[in-house]
Amino acid sequence: MYCCCCSKCPRCANSCNAGVFQAGTPLAEDAIAALEFQMKINVYGLIYMAQAFAPVLKANGGGVFAQINSVASLKGFPDSATYCASKAAAYSITQALRELLSEQGTLVLSVHPGPIATDMGNAAGLTEVAEPPALVADGIIKALKAGDFHVFPDSMAKQMGNAYKSFAENVVEVSSS
């Protein structure tokens, strides 16, 4: 299991609240343990971060809250189903945060990268198809300038984002209030 900030210490995710990846099918013997671990970091960590930073952002008149979700939040992959489930849950929380934090002038970004050349991408066996991390940063900057909610920064993400666009615009991005 790897977090997105390093490959040396899987526990570092607990202190930086970075996302974690652990391969696991729903039929694996350790599926429940893998899902619990990933939910703890990828979903509960997101909630803790939002609870900690929303008041700070509000006190400063708003700002940006960028959540790194994944294309795995939109499509399940059998060999990493527990990771996909945790990222789908994180995406759902991100959608709620978008509406809640907009009231205080905070823009929420939902970033959905595909395979990125990081230790996490390598651990997932995606080294051959992974793209440079700079694409994620560039995508975030572009979304900030455009005021977009969704960020699909790399080739795979753009392909999925294009297919998802109508649903996102007509369902996800419509205010529930």
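Residues numbered from 1 in each chain as written. Predicted model: local features only at pLDDT ≥ 70, side-chain atom pairs only at ≥ 80, totals over all residues. Heavy atoms only, no water.

Undergrad: Which parts of the structure should I look at to understand the side chain of aspartate 154?
TA: Turning to its location among the elements, aspartate 154 is positioned in the loop between β5 (150-151) and α6 (155-172). In this structure aspartate 154 is buried but unpaired, with lysine 158 as the nearest side chain of opposite charge at 8.2 Å. A distance of 2.6 Å separates a polar side-chain atom of aspartate 154 from the backbone nitrogen of glycine 114. If near-sequence neighbours (up to four positions away) are discounted, aspartate 154 is found in contact with Pro113, Gly114, Pro115, Ile116, Glu131 and Leu135. (Helix = DSSP H or I, 4+ residues; strand = E, 2+ residues; numbered from the N terminus. Buried < 20%, exposed > 50% of the residue type's maximum accessible area, 1.4 Å probe, protein only. Lys, Arg positive; Asp, Glu negative; His and termini not counted. Salt bridge = Lys/Arg side-chain N within 4 Å of Asp/Glu carboxyl O. Polar contact = N/O pair within 3.5 Å; in protein donor to acceptor, adjacent residues only side chain to side chain. Contact = heavy atoms within 4.5 Å.)

Undergrad: Please explain a nonpolar patch on the surface as it appears in this structure.
TA: A grouping of Val64, Ile141 and Leu144 is seen on the molecular surface, where their side chains present a nonpolar patch of about 220 Å² in accessible area. Checked against the element boundaries, leucine 144 lands in helix α5 (residues 134-146). A relative accessible area of 32% places leucine 144 in the partly exposed class. (Patch = residues over 30% accessible without salt bridge, like charges linked within 9 Å, V, L, I, M, F, W, Y side chains within 5 Å. Areas by Shrake-Rupley, 256 points an atom, 1.4 Å probe, with all protein chains shown as cover.)

Undergrad: Can you walk me through the packing of aromatic side chains in this structure?
TA: How two aromatic rings sit relative to each other is set out by the distance from centre to centre and by the angle between their planes. Scanning the model with the defined rule gives three aromatic pairs in all. Arranged with centres 5.6 Å apart and planes meeting at 50°, the rings of tyrosine 164 and phenylalanine 167 form a pair that is tilted. Separated by three residues within a single helix, tyrosine 164 and phenylalanine 167 lie in helix α6, roughly one turn from each other. Clustering of aromatic rings is evident, with ring pairs tying together Tyr91, Tyr164 and Phe167. The side chain of lysine 75 reaches across the aromatic face of phenylalanine 77, ending 5.4 Å from its centre. The positively charged end of arginine 98 is found above the aromatic ring belonging to phenylalanine 149, 5.2 Å away from the centroid. (Phe/Tyr/Trp six-rings, centres within 6.5 Å; stacked < 30°, edge-to-face > 60°. Lys NZ or Arg CZ within 6 Å of the ring centre and 35° of its normal.)

Undergrad: I tried to follow α5 on my own but got confused; where do I start?
TA: Side chains that are three or four residues apart share a direction in an α-helix, a result of its 3.6 residues per turn. With 13 residues, α5 should reach 18 Å at 1.5 Å per residue; the first-to-last C-alpha distance of 18 Å fits that figure. A positive phi of about 75° marks glycine 147, the residue just after α5. (Expected span 1.5 Å × (residues − 1).)

Undergrad: What's the story with the nonpolar core in this structure? I'm lost.
TA: The tendency in soluble globular proteins is for nonpolar side chains to be buried as a group. By size, the foremost hydrophobic cluster in this structure holds 20 residues, and its most contacted members are Phe65, Leu97, Leu101, Val108 and Tyr164. Sorting the residues of this core by element identifies α2 (31-59), α3 (81-102) and α6 as the ones contributing at least two each. Sorting elements by how many residues they give to this core places α2 first, with six residues. Setting aside residues up to four positions removed in sequence, valine 108 forms contacts with Phe65, Thr94, Leu97, Arg98, Leu101, Asp148 and Phe149. Core analysis: the next-biggest nonpolar cluster, separate from the first, contains seven residues, Ile116, Val136, Ala143 and Val151 among them. (Core = buried A, V, L, I, M, F, W, Y, C linked by side-chain atoms within 4.5 Å.)

Undergrad: Could you clarify how one ought to interpret the sheet that holds β5 in this entry?
TA: Strand-to-strand pairing in sheets goes through backbone hydrogen bonds, with the strands running parallel or antiparallel. The three strands are arranged β3-β4-β5 in an open sheet whose pairing can be described as parallel. Both outer strands of the open sheet, β3 (63-68) and β5, are each paired with one neighbouring strand and no more. Bridge count between strand β4 (residues 106-111) and β5: two bridges; the pairing is parallel. Within β5, the position partnered with valine 111 by the bridge is valine 151. Here α2 sits on the sheet in contact with β3 and β4, set at roughly 175° to β3. (Pairing = 2+ DSSP bridges. Axes fitted to C-alpha atoms, helices over the stretch in contact; angles between N-to-C directions.)

Undergrad: Help me understand the pairing of β4 in this model?
TA: Consecutive side chains of a regular strand alternate in pointing toward one face of the sheet and then the other. When you tally the buried positions in β4, you get five out of six residues, the bulk of the element. Two elements, β3 and β4, share six bridges in a ladder whose sense is parallel. Across the sheet, residue alanine 66 finds its bridge partner in β4, namely leucine 109. Taken together, β3, α3 and β4 form a β-α-β motif whose crossover is right-handed. (Right-handed = clockwise from strand over helix to strand, strands pointing away.)

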